[in-house]
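Breakdown of the fold
Below, each chain spelled out in residue letters.
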Amino acid sequence: MSSKYAQQKSNVYSYVLGSKLYLNITNACTNRCEFCVRESAAGVTEGSLWLEHQPTLQEVLDSIEHPEKYEELVFCGFGEPLSRVDAVVGIARELRKYGVPVRINTNGQANLIHGRNIVPDLAGLIDIVSISLNAESAEKYQAICHSVYGEKAFQAVLDFTAACKAYIPKVILSVVDRPGINLDACRKIAESLGVDFRVRQWNPSLA
Ligand code: SF4
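Residues numbered from 1 in each chain as written. Predicted model: local features only at pLDDT ≥ 70, side-chain atom pairs only at ≥ 80, totals over all residues. Heavy atoms only, no water.

Brief notes about the overall build of the protein
Tallying secondary structure elements over the protein gives 7 helices and 9 strands in all. Expressed as a percentage of its 207 residues, the buried residues of the protein come to 51%. Considering only residue pairs separated by 6 or more positions, the protein has 78% of its internal contacts joining residues 24 or more positions apart. Surface summary for the protein: the accessible area is close to 9,400 Å², and the carbon and sulfur share equals 48%. (Helix = DSSP H or I, 4+ residues; strand = E, 2+ residues; numbered from the N terminus. Buried < 20%, exposed > 50% of the residue type's maximum accessible area, 1.4 Å probe, protein only. Contact = heavy atoms within 4.5 Å. Areas by Shrake-Rupley, 256 points an atom, 1.4 Å probe, with all protein chains shown as cover.)

Structure below.
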């Protein structure tokens, strides 16, 4: 994925923000969102989140010390974690032992990536999934997110959300509050799917 900023490589597989531990298991992503921090900075931590290689399951687990002390464990990354669904399943299975809620932040395109419904794989392992909706229409979504799948990505995100509702206790659709986004229409989409809705603040200085 190109960035206008230098891509210093690192081995930051997990990092702490506040009381939560974030897991960075891949830099691969099927989107190129205009607001993505990847497009504007080296990362959200003091170290770069650009990886030298995709970490193995064991490398990620070895990077985590005392998972029980965190409020939440979050697959987030500098990429789309569910592009590595097998790694997510393996890591989450280990982390379940600590009784800490596990969340995934995702672009919702995993079923397109894998050509099957991967959501049942996550049942009993993931407590919360936060899916980026980002726009109220396929056209606008593609104009902002530049998915490799084109405008069909938007419907895939909605279908993925509905699939998650059947298997994961808490499902959130999120939108970055940017000029031109119809937040009310986005909220209605979330309501129609029976999931929670969250607006994330946009930091124009990172754009
Ligand atoms: S889906 Fe997430 S990681 Fe991928 S480009 Fe968009 S904001 Fe960045």
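That was the structure; now back to the text.
Side note on the site of the ligand
The full set of residues close to the ligand is C29, N31, R32, C33, C36, R38, G79 and N107. Grouping the amino acids of the shell around the ligand by side-chain chemistry returns 3 nonpolar, 3 polar and 2 charged. (Near = heavy atom within 4 Å. Nonpolar A, V, L, I, M, F, W, Y, C, P; charged D, E, K, R; others polar.)

Observations regarding the sheet that holds strand 8 (residues 170–177)
Here 7 strands make up an open sheet; going across it, the order is 2-3-5-6-7-8-9 and the pairing mixed. For this open sheet the edge positions go to strand 2 (14–17) and strand 9 (196–201), each flanked by a neighbour on one side alone. Taking each pair of neighbouring strands and ignoring which way they run, the sheet shows an average axis angle of 25 degrees. Both strand 7 (residues 128–132) and strand 8 contribute to a ladder of 5 bridges, which runs parallel. Of the residues in strand 8, the one forming a bridge with S130 is I172. (Pairing = 2+ DSSP bridges. Axes fitted to C-alpha atoms, helices over the stretch in contact; angles between N-to-C directions.)

Topic: the packing of aromatic side chains
Evaluated as defined, the whole model comprises 3 aromatic pairs. Ring centres of Y15 and Y22 lie 5.6 Å apart, and the angle between their planes is 15 degrees; this geometry places the pair in the stacked category. The same class applies to Y15 and to Y22, which are both buried. A ring pair is formed by Y141 and F154, whose centres lie 5.8 Å apart and whose planes are at 55 degrees; its orientation type is tilted. One end of the pair, Y141, is in helix 5 (residues 138–145); the other, F154, is in helix 6 (residues 152–167), with 13 residues separating them in the sequence. A relative accessible area of 1% places Y141 in the buried class. (Phe/Tyr/Trp six-rings, centres within 6.5 Å; stacked < 30°, edge-to-face > 60°.)

Topic: the environment of P169
Considering the arrangement of structural elements, one finds P169 in the loop between helix 6 and strand 8. For P169, a relative accessible area of 69% translates into the label exposed. Not counting residues within four places of it along the chain, the set of residues in contact with P169 comprises I126 and D127.

Some remarks on the side chain of N31
Note on placement: N31 falls in the loop between strand 3 (20–23) and strand 4 (50–51). Here the side chain of N31 touches Y141 through a polar contact of 3.1 Å, side chain to side chain. (Polar contact = N/O pair within 3.5 Å; in protein donor to acceptor, adjacent residues only side chain to side chain.)

Notes on the pairing of strand 8
Most of strand 8 sits inside the fold, with 6 of its 8 residues counted as buried. As defined by bridge partners, strand 8 adjoins strand 9 across 6 bridges and the pair is classed as parallel. Looking across to strand 9, one finds that I172 is bridged to D196.

Notes on unusual backbone geometry
Phi at H66 is positive, roughly 50 degrees, even though this residue is not glycine. Unusually for a residue other than glycine, N134 sits at a positive phi of about 70 degrees. You can see N134 is positioned in the loop between strand 7 and helix 5.

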